[in-house]
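Single-letter residue listing:
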Amino acid sequence: MPVRTLTLDGFRSYEHLEITFGSGPHVVVGRNAAGKTNLVEALVVLSTGRSHRSSADPELVRWGADFARSSATVESDGRTEELEVVVHTRGSGARKRVRVNGVNRRAAALQPILRTVLFAPEDMLLIVGSPSLRRNLLDALVAQREPTAAAVMSTYQRTLTQRNSLLRRIREEEAGRAELTYWTHAIIEHGSRILDWRHEALAAVARPLAQAHREIAPEETELRLHYSSNVEPGPGESNERALRRRLGETADKEVWNGATLVGPHRDDLVFVSGERELTEFASRGQQRTAILALKLAELDVLTELDGRPPLLLLDDVFSELDPVRRAHLVHRIGELPQAIVTTTTPDDLDPALVAASTLWHVEPGSVTLEASA
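Cut-offs applied
- Residues numbered from 1 in each chain as written.
- Predicted model: local features only at pLDDT ≥ 70, side-chain atom pairs only at ≥ 80, totals over all residues.
- Heavy atoms only, no water.
- Helix = DSSP H or I, 4+ residues; strand = E, 2+ residues; numbered from the N terminus.
- Rg over C-alpha atoms; globule rule 2.2 N^0.38 Å.
- Buried < 20%, exposed > 50% of the residue type's maximum accessible area, 1.4 Å probe, protein only.
- Phe/Tyr/Trp six-rings, centres within 6.5 Å; stacked < 30°, edge-to-face > 60°.
- Salt bridge = Lys/Arg side-chain N within 4 Å of Asp/Glu carboxyl O.
- Expected span 1.5 Å × (residues − 1).
- Contact = heavy atoms within 4.5 Å.
- Pairing = 2+ DSSP bridges.
- 1 Å grid on protein atoms, 1.4 Å probe; cavity = no way out; pocket = protein on both sides within 12 Å on 5 of 7 lines; lining within 4 Å.
- Points joined across faces, edges and corners; volume = space filled by probe spheres on them.
- Nonpolar A, V, L, I, M, F, W, Y, C, P; charged D, E, K, R; others polar.

1. A word on the overall build of the protein
Regarding its fold elements, the protein presents 10 helices and 15 strands. The C-alpha atoms of the protein give 22 Å as radius of gyration, which agrees with the globular expectation for 373 residues (21 Å, within 12%). The dimensions of the protein, computed from C-alpha atoms along their principal axes, are 65 × 60 × 35 Å. Within the protein, the fraction of its 373 residues that count as buried is 51%.

Following this line, the structure appears as structure tokens:
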């Protein structure tokens, strides 16, 4: 699913930009804050309908502009598809419009056309950072495998907000427990689907993760992911039944705390090597190896969906990897129909990758072609 053109209007640092991409790797060079990550972000928005850097859509809009538009033409199954995401800030609040081939669609319609795997500097915190980072990574993979997942996750979050608000009102004796029935049912319905999807995604990624890790670090014990949940089903129990049971068990405590205490929003993803969690012993090098292996496994899992490799986006991460891991990543990039790599200096990259790439130079507000392979 190569991207052929990318057009930005009022998007972050770009007043107007048009780029034509060819196949193979593209290296985008520029100093910090020049706008390299903004290009990557625009492609993520065109893939998912939202930014990976901010949950506030108005932040995408260039200062002084009324809207931010990102659009692209993408080759998909022998066809050329046109994708567009526009965020308007004129008037009260922000409005977002998603179009596919000129027709208004939901954001979920984007990912089957433009799947992406993003490797960004913040991913280096995956293992030791907040559980929300790991949940978001897993949910992003789920959303690319299951077209309806993004809408269900959004509904779950809104339901969770409403239920927590009601729990606080019950605690303050401003409402009765009978009102909880509707919101509890909704939490069970949507939360159990999210749990099912997460477990299915982890099952799909297990083999390619172990294989990628073995190739990168054959001297280390096998890497796997463990789903840590406070909704553990008993023998023969579905996630739906387990969630219903756990909500019943914690009902009084939830009222006391004014919050929903069990569900997918409280779960975590644990990296395990051998029988130990990586957070207990792993060096920074071992952590980076695990994260790189997970990104490569994502590539494999998404490719297996329909035989089309996703677009790999590497945002200034080569400097975080040692020569062995860089070489492995360069090899995988060479197997892909298209990849986009950003860096502050080509010196951080493998010379063979630079030689095989189309080079772009970024200055604030502009991108110019330096050379082609």
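2. With respect to the packing of aromatic side chains
One pass over the full model with this rule turns up 2 aromatic pairs. Summarising the aromatic geometry, the rings of Phe-21 and Trp-360 are spaced 5.8 Å apart at their centres and angled 65° between planes, so their arrangement reads as edge-to-face. With Phe-21 in the loop between strand E2 (14-20) and strand E3 (24-29) and Trp-360 in strand E14 (residues 358-363), this residue pair connects regions lying 339 residues apart in the sequence. Residue classification places Phe-21 among the buried positions, given a relative accessible area of 6%.

3. Here's the deal with the pattern of salt bridges
Applying the stated criterion across every chain, the model contains 28 salt bridges. The partner of Glu-84 in a salt bridge is Arg-69, with the nearest N and O atoms 3.2 Å apart. A residue pair is termed long-range when its members are at least 10 positions apart, and Glu-84 in strand E5 (residues 79-88) and Arg-69 in strand E4 (residues 67-76) qualify at 15 residues. Connected through shared salt-bridge partners, Asp-9, Arg-69, Glu-84 and Arg-97 make up one network.

4. Examining helix H3 (residues 149-171)
Given a rise of 1.5 Å per residue, 23 residues ought to cover 33 Å, and the 32 Å separating the end C-alpha atoms of H3 matches this to within 8%. Those residues of H3 not exposed but buried are Ala-149, Val-152, Met-153, Tyr-156, Thr-159, Leu-160, Arg-163, Asn-164, Leu-166, Leu-167 and Ile-170. In this structure, the buried side of H3 is in contact with helix H2 (131-145), helix H4 (180-216), helix H5 (239-249) and helix H6 (251-257). Two residues or fewer after H3 comes Glu-173, characterised by a positive phi angle close to 60°.

5. Focus on unusual backbone geometry
Its identity is not glycine, yet Asn-101 carries a phi of approximately 55°, on the positive side. The topology assignment puts Asn-101 in the loop between strand E6 (95-100) and strand E7 (103-104). For Asp-316, which is not glycine, the phi dihedral falls at a positive 55°. Counting through the fold element by element, Asp-316 comes out in the loop between strand E12 (311-315) and helix H9 (323-334).

6. A few points about the pairing of strand E9 (residues 223-228)
Within a regular beta strand, the side chains point alternately toward one face of the sheet and then the other, so they alternate between its two faces. Burial along E9 is one-sided: the residues Leu-223, Leu-225 and Tyr-227 are buried and none of Arg-224, His-226 and Ser-228 is. As paired elements, E9 and strand E10 (residues 268-273) share 6 bridges and run antiparallel to each other. Each bridged residue has a counterpart across the sheet, and for Leu-223 the counterpart in E10 is Ser-273.

7. Remarks on the side chain of Ser-47
With respect to the element layout, Ser-47 can be found in helix H1 (residues 36-48). If we skip the residues at most four places from it in the chain, Ser-47 touches Leu-110, Gln-111, Leu-114, Arg-115, Thr-116 and Gln-144.

8. A word on the environment of Leu-83
Locating Leu-83 in the fold gives a position in strand E5. Assessed through its relative accessible area of 1%, Leu-83 is described here as buried. Here the alpha-carbon distance between Leu-83 and Leu-110, two residues 27 residues apart in the chain, equals 7.3 Å. Not counting the four nearest positions on each side in its chain, Leu-83 is found in contact with Leu-46, Ser-70, Ser-71, Ala-72, Val-74, Arg-99, Val-100, Leu-110, Ile-113 and Leu-114.

9. Describing the layout of surface pockets
Volume-wise, the largest pocket comes out at about 1600 Å³. As for the largest pocket, its lining consists of 48 residues, and the residues nearest its centre are Thr-48, Arg-50, Ser-51, Asn-136 and Ala-140. Only H1, strand E8 (116-119), H2, H3, H4 and helix H8 (284-306) provide two or more residues apiece to the lining of the largest pocket. In the lining of the largest pocket, the residues fall into 19 nonpolar, 15 polar and 14 charged.

These values are about where atoms sit, not about what they do.
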